[in-house]
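Coordinate inspection notes
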Amino acid sequence: MQILDDIYLVGSGRTGIGLSNEYDCHIYLIDGGDEAALIDAGSGVNVEPLLCNIAVHGIAASKVRTLILTHAHADHSGGAAALRVRLGCRVLVGEAEAKIVETADVEASGLNVALPFGIYPPGYVMIPCPVDRRLGDGDTVTVGRYTLQVIATPGHSPGSLCYLVKVAGQRVLFSGDTIQFCPVAGQTGWISLLNAPGTDLNAYRASVRRLANLNVDVLLSGHRLFTLCNGQRVVDAVVKGFETLAIPRSVI
Ligand SMILES: [Zn+2]
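Residues numbered from 1 in each chain as written. Predicted model: local features only at pLDDT ≥ 70, side-chain atom pairs only at ≥ 80, totals over all residues.

1. Focus: the sheet that holds strand S7 (residues 133–135)
- In spatial order, the strands read S1-S2-S3-S4-S5-S6-S7; together these 7 strands make up an open sheet with mixed pairing. Looking at which strands have only one partner, the edges of the open sheet turn out to be strand S1 (2–4) and S7. The mean inter-strand angle of the sheet, taken between neighbouring strand axes irrespective of direction, is 25 degrees.
- Seen against the sheet, helix H1 (residues 48–56) touches strand S2 (7–11), strand S3 (27–31) and strand S5 (64–68) and runs at an angle of roughly 150 degrees to S2. (Pairing = 2+ DSSP bridges. Helix = DSSP H or I, 4+ residues; strand = E, 2+ residues; numbered from the N terminus. Axes fitted to C-alpha atoms, helices over the stretch in contact; angles between N-to-C directions. Contact = placed C-beta atoms within 7 Å.)

This is the structure in structure tokens:
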């Protein structure tokens, strides 16, 4: 599904619109001209539908040279090992979670907490994946004619990253699980606070403040809906949510 001139949704599971394996997060592709990159890998339960969706848009697998992860939870990073082999792409992830991707540690990734709740299929395992570059706040990632700015947003997980890029004059934020667009119950922006190791409400609060005033047009989150206009209103709803004594609404 084409979202903007050079941005496609090529994977999405049951918390989205069912484009690929049901356990996948949203997987976006940015086409920078002479090369392309995926934002997140999905669960890796079955990468064939994802690869098919890339081909359907006329994008050669060999053009996808980079896989950029928003964080190491298995629904986002579980497919990294398979995609690194199938596409020959390099894998980029936040410094704080690189070791989880490299070791597929079930405790550090939170997989041991998620498995009993049916978030992944029975017997699901993450495959360890080499990390080619560790990212930190303020880094940039070049994908052909586009440059993505890395914004560290720990909270949902210790190494969660958001990526800001300007495409066709629009400011696009890939927000991973840090900000979710879910326009129900009078609220647009939601957080994803987990009752699991790694989630940190204080870090979340500080991270969300860093996303204020970014003038985001297009907000592309890791699950559920995304929005193509005034994405900043979704971010700001979460910023405002942290200005009270109550914990902001969480999609979990
Ligand atoms: Zn997550």
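2. Some remarks on H1
- Within the span of H1, buried status applies to Leu50, Asn53 and Ile54. Taken around the axis of H1, the buried residues stretch over an arc of 100 degrees, which confines them to a single face. Opposite its buried face, H1 presents the exposed residues Glu48, Cys52, Ala55 and Val56, each directed more than 90 degrees away.
- The elements touched by buried residues of H1 are S2, S3 and S5.
- A positive phi of about 75 degrees marks Gly58, the residue just after H1. (Buried ≥ 20, exposed ≤ 12 C-beta atoms within 10 Å, placed from the backbone. Arc of directions from axis to C-beta.)

3. Some words on unusual backbone geometry
- Look at Asn213: it is not a glycine, yet its phi comes out positive at around 65 degrees.
- If you trace the backbone, Asn213 turns up in the loop between helix H6 (201–210) and strand S14 (218–221).
- Taking the C-beta count within 10 Å as the criterion, Asn213 has 11 such neighbours and is therefore assigned exposed.
- The backbone phi angle of Asn230 is positive, close to 45 degrees, even though this residue is not glycine.
- Accessibility expressed as a C-beta count within 10 Å gives 15 for Asn230, which makes it partly exposed.

4. A few points about the pairing of S5
- Of all 5 residues that make up S5, 4 are buried, and the element is covered over most of its length.
- Looking at chain direction, S5 and strand S6 (residues 90–94) are connected through 3 bridges and run parallel. Its bridge partner lying in S6, Leu67 is registered against Val91.

Note that all results are geometric; they support no functional claim without further evidence.
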